[in-house]
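Reading the structure
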Amino acid sequence: MELRTLRYFVAVAEERHFGRAAARLHMSQPPLSRAIKQLEAEVGARLFTRSATGVTLTSVGTVLLDEARALLDHADRVRVRVSAAAGTATLTVGILGDGTDPGVARLAAVHRRNHPGIDIRVRDADLSDPTCGLRAGLVDVALTRAPFDETALTVRVLRADPVGVVLRADDPLAGRDRLRLAELNDRRWFQFPQGTDPLWQAYWNGGTPRQGPVVRAVQECVQAVLWNGTVGLTPLGHDLPADLAVVPLVDMAPSRVVAVWNEGDTNPLIRSFVETATAAYRD
């Protein structure tokens, strides 16, 4: 049994639904279903009882869930101990694809100075994955923005940023000092791909269902505004091209910058990283 397949199995068992598990893992459903069928073939028994509304664990599946969780926890501990023994402690950090946040550069400088023996590996995530690969087991900790589904995750708020609307500089609303969300109801807004966390999508749509082009990256958002006049939201204080304008929204909840990791993960490198991040973003 491969660890990746066991992670897939645990996701389906916890979500009790292949579609939700696939969204959580940021993969499509067919390869997830094939992986579970292959695992059932290896075990020699059915792990789930399927129905129109989802799945439930069989008695064999219940036993495997306990063992899989224990194996995955042990694998994580082995990775840390082996890295420490080799003298190269490594932490994989997921970062939402937003290179203009000065907090990231400040954190990197502080962490490098305070923890020179820790090798940081960065995974850049697009806007369709607010947990930056954390749920799929691709990273140890993520620097991202809330809100999103926090089930089985631990979240530390680092900073809260006011939010504005991005418009073309020649837009009739671009010269306003401030706007309300209702004044943008007739506009087309950015949308994220199907399967994106619904809490995340709803926030960036101002809490209202919208229509508009699908985007994955910050640069795609910028180009959608420049070419098509699409509107979207952004934290204030970020650099944008001269052809764009940002107008503050007075009735939009702030965007929270957060550090997030898997609930119950006792990796000391994560604790050290989060404490450093908390101090760096506060200064």
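Fair warning: this is a prediction, and the values are worked out from it, not measured in the lab. (Residues numbered from 1 in each chain as written. Predicted model: local features only at pLDDT ≥ 70, side-chain atom pairs only at ≥ 80, totals over all residues. Heavy atoms only, no water.)

**Concerning helix 5 (residues 102–114)**
For the record, the criterion: Runs of E in the DSSP output that reach at least two residues are strands. Runs of H or I that reach at least four are helices, and both are numbered from the N terminus. Given a helix with a known number of residues, its expected span is that number minus one, times 1.5 Å. Each residue gets one of three labels from its accessible area relative to the maximum for its type: buried under 20%, exposed over 50%, partly exposed in between, using a 1.4 Å probe on protein chains only. When we speak of the arc, we mean the arc of directions from the helix axis to the C-beta atoms. Contacts are residue-level and defined by heavy atoms, with any inter-residue pair within 4.5 Å sufficient.
Its 13 residues place the ends of helix 5 19 Å apart at the C-alpha level, agreeing with the 18 Å of an ideal helix rising 1.5 Å per residue. Every buried residue of helix 5 is listed here: Gly-103, Leu-107, Val-110 and His-111. All buried residues of helix 5 project into a common sector of 95° when viewed along the axis, lining one side. Those residues of helix 5 that are exposed and angled more than 90 degrees off the buried face are Ala-105, Arg-112 and Arg-113. Buried positions along helix 5 lie against strand 4 (118–125), strand 5 (141–146), strand 6 (153–161) and helix 8 (268–282).

**Let's talk about unusual backbone geometry**
Look at the link from Ala-146 to Pro-147: it is a cis peptide, with omega at 15°. You can see Pro-147 is positioned in the loop between strand 5 and strand 6. At Cys-132, a position not held by glycine, the phi torsion is positive, near 60°. Topologically, Cys-132 is positioned in the loop between strand 4 and strand 5. Of the residues examined, Cys-132 reaches a relative accessible area of 0% and is grouped as buried. One non-glycine residue, Ala-152, lies in the positive phi region at around 65°.

**Notes on the pairing of strand 5**
The criterion, for reference: Note on pairing: two strands pair once DSSP finds at least 2 bridges between them.
For strand 5, the tally of buried residues reaches 6 of 6 residues, placing the bulk of the element in the interior. In this sheet, strand 5 lies alongside strand 3 (residues 89–96) in parallel orientation, the contact comprising 3 bridges. The residue of strand 5 that forms the bridge with Ile-95 is Leu-143. Across 6 bridges, the pairing between strand 5 and strand 10 (residues 255–262) is antiparallel. Pairing of Ala-142 across the sheet is with Val-260, part of strand 10.

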